[in-house]
Amino acid sequence: MMPRIRIFIVFLLGCSLLCWGCTRGNSEGDFIDDRAGLLTAGEKIRIARMSEKLLEDLDIHIKTVILKESPADIGTTAVDIFDRSELGKKTRGARGVLFLIDPPGRQVRLEIGYDLEGIFPDGFVGYIERRQMTPFFESGTVGNGIEAAAELLVEKAYGTIDNEYDRTGTGETAETVHYSGGAGAEATVKIGKGAPEKERSVLATEFGARPSPLETLGQYQKLLRLHIKDPDLALYTPESRRFFKGWTVTDAQQDNESRKLETGLGVARVIVTDDRAVIRFPLSDRGRNPYFLTRGHEGWMLDFAGMNRAIGFNHLNQWFFRDQSHPYMFAFKDVYFDKNGFPHEKGQ
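Residues numbered from 1 in each chain as written. Predicted model: local features only at pLDDT ≥ 70, side-chain atom pairs only at ≥ 80, totals over all residues. Heavy atoms only, no water.

Another aspect to go through is the pairing of strand β4 (residues 107-112). Most of β4 sits inside the fold, with six of its six residues counted as buried. The side-chain alternation of β4 yields two buried faces, one formed by Gln107, Arg109 and Glu111 and the other by Val108, Leu110 and Ile112. Alignment of strand β3 (residues 96-102) against β4, held across six bridges, turns out to be antiparallel. Note that in β4 the partner of Leu100 across the bridge is Arg109. Between β3 and the antiparallel strand that follows it, β4, lie four residues; Arg106 among them carries a positive phi value of about 55°. (Buried < 20%, exposed > 50% of the residue type's maximum accessible area, 1.4 Å probe, protein only. Helix = DSSP H or I, 4+ residues; strand = E, 2+ residues; numbered from the N terminus. Pairing = 2+ DSSP bridges.)

Close inspection of predicted coordinates is inappropriate for parts of the model with low pLDDT. Predicted confidence across the protein chain gives a mean pLDDT of 84, with 85% of residues reaching 70 or more. Note that residues 1-23 has pLDDT below 50 and, in this model, 98 contacts with residues that lie over four places away or in other chains. Below pLDDT 50 for its whole length, residues 160-176 participates in 21 contacts with residues either more than four positions away or in separate chains. (pLDDT = per-residue confidence, 0-100. Contact = heavy atoms within 4.5 Å.)

Pairing between sheet strands relies on hydrogen bonds along the backbone, with the strands arranged either parallel or antiparallel. Strand order in this open sheet of four strands is β6-β7-β8-β9, and the pairing throughout is antiparallel. Taken across any chain shown, the strands that pair with only one partner, and hence form the sheet edges, are β6 (269-273) and β9 (299-302). Taken pair by pair, the neighbouring strands of this sheet meet at an average axis angle of 25°, ignoring direction. The sheet contact formed by strand β8 (residues 291-296) and β9 spans four bridges and is antiparallel. Bridge pairing in β9 links Thr294 to Met301. Packing against the sheet, helix α5 (residues 213-225) makes contact with β6, β7 (276-280), β8 and β9, and its axis sits at approximately 50° to β9. (Axes fitted to C-alpha atoms, helices over the stretch in contact; angles between N-to-C directions.)

Turning to a nonpolar patch on the surface, a few remarks are in order. There is a patch of nonpolar side chains on the surface, built from Leu214, Val270 and Val272 and spanning about 200 Å² of accessible area. Of note, Leu214 is situated in helix α5. For Leu214, a relative accessible area of 36% puts it in the partly exposed group. (Patch = residues over 30% accessible without salt bridge, like charges linked within 9 Å, V, L, I, M, F, W, Y side chains within 5 Å. Areas by Shrake-Rupley, 256 points an atom, 1.4 Å probe, with all protein chains shown as cover. Salt bridge = Lys/Arg side-chain N within 4 Å of Asp/Glu carboxyl O.)

For the structure shown, the criterion picks out 18 aromatic pairs. Relative to Phe342, the ring of Phe320 lies with its centre 5.1 Å away and its plane at 55°, an arrangement referred to as tilted. Placement of the pair is Phe320 in strand β11 (residues 319-321) and Phe342 in the loop between β12 (335-337) and β13 (343-345), with a sequence separation of 22 residues. Using a relative accessible area of 2% as the deciding quantity, one classes Phe320 as buried. Here Phe342 falls in the buried class, since its relative accessible area comes to 7%. Taking 5.0 Å as the distance between ring centres and 35° as the angle between the ring planes, the aromatic pair formed by Phe321 and Phe337 counts as tilted. Within this pair, whereas Phe321 is found in strand β11, its partner Phe337 is found in strand β12, the two being separated by 16 residues in sequence. Grouping residues by exposure puts Phe321 and Phe337 together as buried. (Phe/Tyr/Trp six-rings, centres within 6.5 Å; stacked < 30°, edge-to-face > 60°.)

This next bit is on the pattern of salt bridges. Going through the model one piece at a time under the given rule, you end up with 19 salt bridges. One salt bridge in this structure joins Arg200 and Asp230, with 3.3 Å as the shortest N-O distance. Placement of the pair is Arg200 in the loop between β5 (184-188) and α5 and Asp230 in the loop between α5 and α6 (238-244), with a sequence separation of 30 residues. Where Glu206 meets Lys222, a salt bridge forms, and the shortest distance between an N and an O atom there is 3.7 Å.

Below, the discussion takes up the packing of α5 against helix α7 (residues 251-264). Put simply, α5 and α7 touch, their axes get as near as 8 Å, and they point 140° apart. It follows from the interaxial angle that α5 and α7 lie oblique. Where α5 crosses over α7, the handedness of that crossing is left-handed. Residue-level contacts link Leu217, Tyr220, Gln221, Leu223, Leu224 and Arg225 of α5 to Gln254, Glu257, Ser258, Leu261 and Glu262 of α7. (Parallel < 35°, antiparallel > 145°, perpendicular 65-115°, else oblique. Left-handed = near helix turned anticlockwise from the far one by under 90°.)

Summarising the element assignment, Phe330 is placed in the loop between β11 and β12. For the pair Phe330 and Val272, spaced 58 residues apart in the sequence, the C-alpha separation amounts to 8.7 Å.

Below you can see the structure in the form of structure tokens.
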């Protein structure tokens, strides 16, 4: 699977994916059914492992079904598959999610289990389909689209799960006949054959290198709000501009990262050594990854290519270092990293 920076590159399953098959899901079939043969063997393994870990850690059972033939009614088919799969029975409540993909009918539906309807309302589900899954599918990267959609479900669930769900569970819904009542949304989508050429933004000249690292990151937040996807901005290092040209960028990813920066810039810490800088956030919030920057003749630029080499994310969207030999380690002298690369404050 491709590594990813949170906003642009899809869900990385790193060294935290341990004990595959040792919890409540015990086979790939619990999590994925690719009847159309659309996914590679590696993609199926990654999606199944992702779903396994989300079942274990968030008590949410996600299953992906890719149809070979288009159904008469995708909503009815989704409920039928949901119930026949008893999707949610392995959770402490009816906490299942079905990704139903119909390539010949150009349809996708996310069906939501009873006990998740309050966390994933229909409007949010439709937003994920239109603004997150569809761009990946249209570029021909279906596996990445599934993983990217799951990323936003995790973001939403992780922010509300402790308030809206009693983790002890009652077990009452596990005996019900139906696990879904038709909640969710569907969208029209065409599976393409490659990423479209990214257009040059008419605002490109506004997004150049800046005098300080924080000003540069502030400009980045602005372009996220404006949904600018031009990879050739001078706000990025030359290597990062080349890096971005082949990646699918979605409005939903940009919205998500913009919200994080809006609330995070006020607590950001900037560490500078010579012509390199790191912008860090409190380690108590592993959902906000550090940003790497380099200084050129025109000012500070974001080094997303360097971030891509060093930073990974687990199934809960928490960052870790996949590589600690990068040139930005100067900014982490007060931090130690465990065997999986996750950061911790020294002395704790």
